[in-house]
Amino acid sequence: PDDRGELRAMLLQRLAWRGASAAAAVVTGAYVVHEQLRISPPAHAKPATAVLQPGDRLVMSGDCGGTNTRLQLFKVPAGSVLSNGEKPPGELVFAKKYVNSEFESFEDVCVRFLGEAEPVAGTAKPEACCLACAGGIVNNTVTFTNVKSQGWAIDGYKLQASLGIPTVRLINDFEAQGYGLLTIEPNERLQLNNAKPRSGAPIACIGAGTGLGECYLTEHRGDYCCWPSEGGHAEFSPRSQLTYDLLVYLKAKFSAHHRVSVERIVSGPGLGNVYEFLRQHWAYSDRVDPAVDEAWLKAPPDQKGVAVAHGAHAGDVLCKKAVEIFSECYGSEAGCAHARIRRTAYARRAGAPLRRSARATAVEPSDRQREG
């Protein structure tokens, strides 16, 4: 799929269908059989229009990020049985993406979603729901690290009661991403260097979105287990005089937080931070394009990185430099993620900002990017 949120949501269809025990097994770090998580992109391009048949069961899955929430509702025919290595049975009933800033709480998003699904799903409630959330999961609860509203602290057990869904389980969003990457086909990969993956080696996965997600996968008796991480909150380390100047600038900007984490640069908002730094830097301030700069200034905080990517794609010098710095730091962090586990590991990168930066530059990966 072109969107990592869609990939995670499809993966979570499998987890939600399997019910509370399967979702809980992932949350607690139990070993999950690779083949059981192997999925294929669904053939459906549009929600199903057929009404539920007697015995059909509804399951709900979601990708709950810092900027958007993507929810999906599936119907599973009565008597369906899961088989290893095959996509889960069922049919997409309804799917929609919501912008978090337009709602007071996550529960409001769910209520809206279930209400909008009624024309095709009726009033029947899902029997199970599994949500991949952008934050650390503790006792089936999560406090979002990149959503300022206090209403975005989700309690799975409270959602069960308020929504009338028997089972609601939360897992870390990059835990879902980690298991999802095991299903990626060779033609969906872009190799940045000549290294060859080693069977059974640990895998590091990082992906920039609203924040910087990271996870690690380790092999045990032929199966991979995913371990979520908050590595994106590690300290940023500059590699050049210009990125050192960037660090000094961001230290002043975020002085109230006493530190500058990697995701202040390697994320969607981070790309906006890099442009903000360059537009006032003595070596680049005279290269600011008034029209591009105005579009950046008018963009809401969560869209400033998008404005920079659009500017780079259009050929703006300052935006292209911002993407270059972003990519250099992205590659550096990928290399650090690799080094944190072991020398025989290999790293993968994911996320919308990475795709945008690749399209914006439209050049071969630099040496520093390949190092990641």
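Every chain is numbered on its own, with residues counted from 1 as its sequence reads. Only residues with pLDDT of at least 70 get local features here, since the model is predicted, and only at 80 or more are side-chain atom pairs given and counted; chain-wide, interface and lining totals rely on the full set of residues. Only heavy atoms go into the side-chain values, all of them from the structure, while hydrogens and water stay out.

**Points about the packing of aromatic side chains**
We describe a pair of aromatic rings using the distance from one ring centre to the other and the angle between the two ring planes.
Inference 1: Side-chain rings of Phe, Tyr and Trp (the six-membered ring for Trp) are treated as a pair once their centres are within 6.5 Å; stacked means planes under 30 degrees apart, edge-to-face means over 60, and tilted covers the remaining angles. The tally for this structure, following the rule as stated, stands at six aromatic pairs.
Inference 2: Residues Tyr275 and Trp296 carry aromatic rings whose centres are separated by 5.2 Å and whose planes lie at 50 degrees to one another, so their mutual orientation is tilted. Of this pair, Tyr275 sits in helix H7 (residues 268–280) while Trp296 sits in helix H8 (residues 290–298); the two residues are 21 residues apart in sequence, bridging distant segments of the chain. As far as burial versus exposure is concerned, Tyr275 and Trp296 are alike and both buried.
Inference 3: Taking 5.5 Å as the distance between ring centres and 85 degrees as the angle between the ring planes, the aromatic pair formed by Phe326 and Tyr330 counts as edge-to-face. Here Phe326 pairs with Tyr330, and both are found in helix H10 (residues 317–341), just four residues apart, close to one helical turn. The pair formed by Phe326 and Tyr330 is uniform in burial state, with each residue classed as buried.
Inference 4: Above the plane of the ring of Phe254 lies Arg264, whose end atom (NZ or CZ) is 3.9 Å from the centre.
Inference 5: If you follow Lys304 out to its NZ or CZ, it ends over the ring of Trp296, 4.4 Å from the centre. The secondary structure listing takes helices from DSSP runs of H or I that are at least 4 residues long and strands from runs of E that are at least 2 residues long, numbered from the N terminus. Each residue gets one of three labels from its accessible area relative to the maximum for its type: buried under 20%, exposed over 50%, partly exposed in between, using a 1.4 Å probe on protein chains only. Geometrically, a charge over a ring is one whose NZ (Lys) or CZ (Arg) sits within 6 Å of the ring centre while staying within 35 degrees of the ring normal.

**As for the confidence of the model for the protein chain**
Inference 1: When the pLDDT values of the protein chain are averaged, the result is 79; 74% of them are 70 or greater.
Inference 2: With pLDDT under 50 throughout, residues 11–50 is counted as low confidence; its partners more than four residues away or in other chains account for 104 contacts.
Inference 3: On a scale of 0 to 100, pLDDT captures the predictor's confidence in every residue. Whether two residues are in contact is decided by their heavy atoms: any pair within 4.5 Å suffices. Low pLDDT (under 50) marks residues 361–372, which in the prediction has 19 contacts with non-local residues, meaning those over four places away or in another chain.

**Quick notes on the pairing of strand S4 (residues 128–133)**
Moving residue by residue along a regular strand, the side chains alternate between the two faces of the sheet.
Inference 1: Within S4, six of the six residues are buried, leaving the element largely enclosed by the surrounding structure.
Inference 2: Here S4 shows two buried faces, one formed by Ala128, Cys130 and Ala132 and the other by Cys129, Leu131 and Cys133.
Inference 3: Any two strands with at least two DSSP-identified bridges between them are counted as paired. When S4 meets strand S8 (residues 167–172), the two strands line up parallel, connected through six bridges. Looking at the pairing, Cys130 lines up with Arg169 of S8.

**Re H10**
Inference 1: The span one expects for a helix is its residue count, reduced by one, times 1.5 Å. With 25 residues, H10 extends 37 Å between its outermost C-alpha atoms, agreeing within 8% with the 36 Å of an ideal straight helix rising 1.5 Å per residue.
Inference 2: By the criterion applied in these results, polar contacts are pairs of N or O atoms within 3.5 Å in which, for protein atoms, one can donate a hydrogen and the other can accept it, and in which residues neighboring in sequence qualify only through two side-chain atoms. One side-chain oxygen at the N-terminal end of H10 lies 3.3 Å from the backbone nitrogen of Leu318; it belongs to Asp316.

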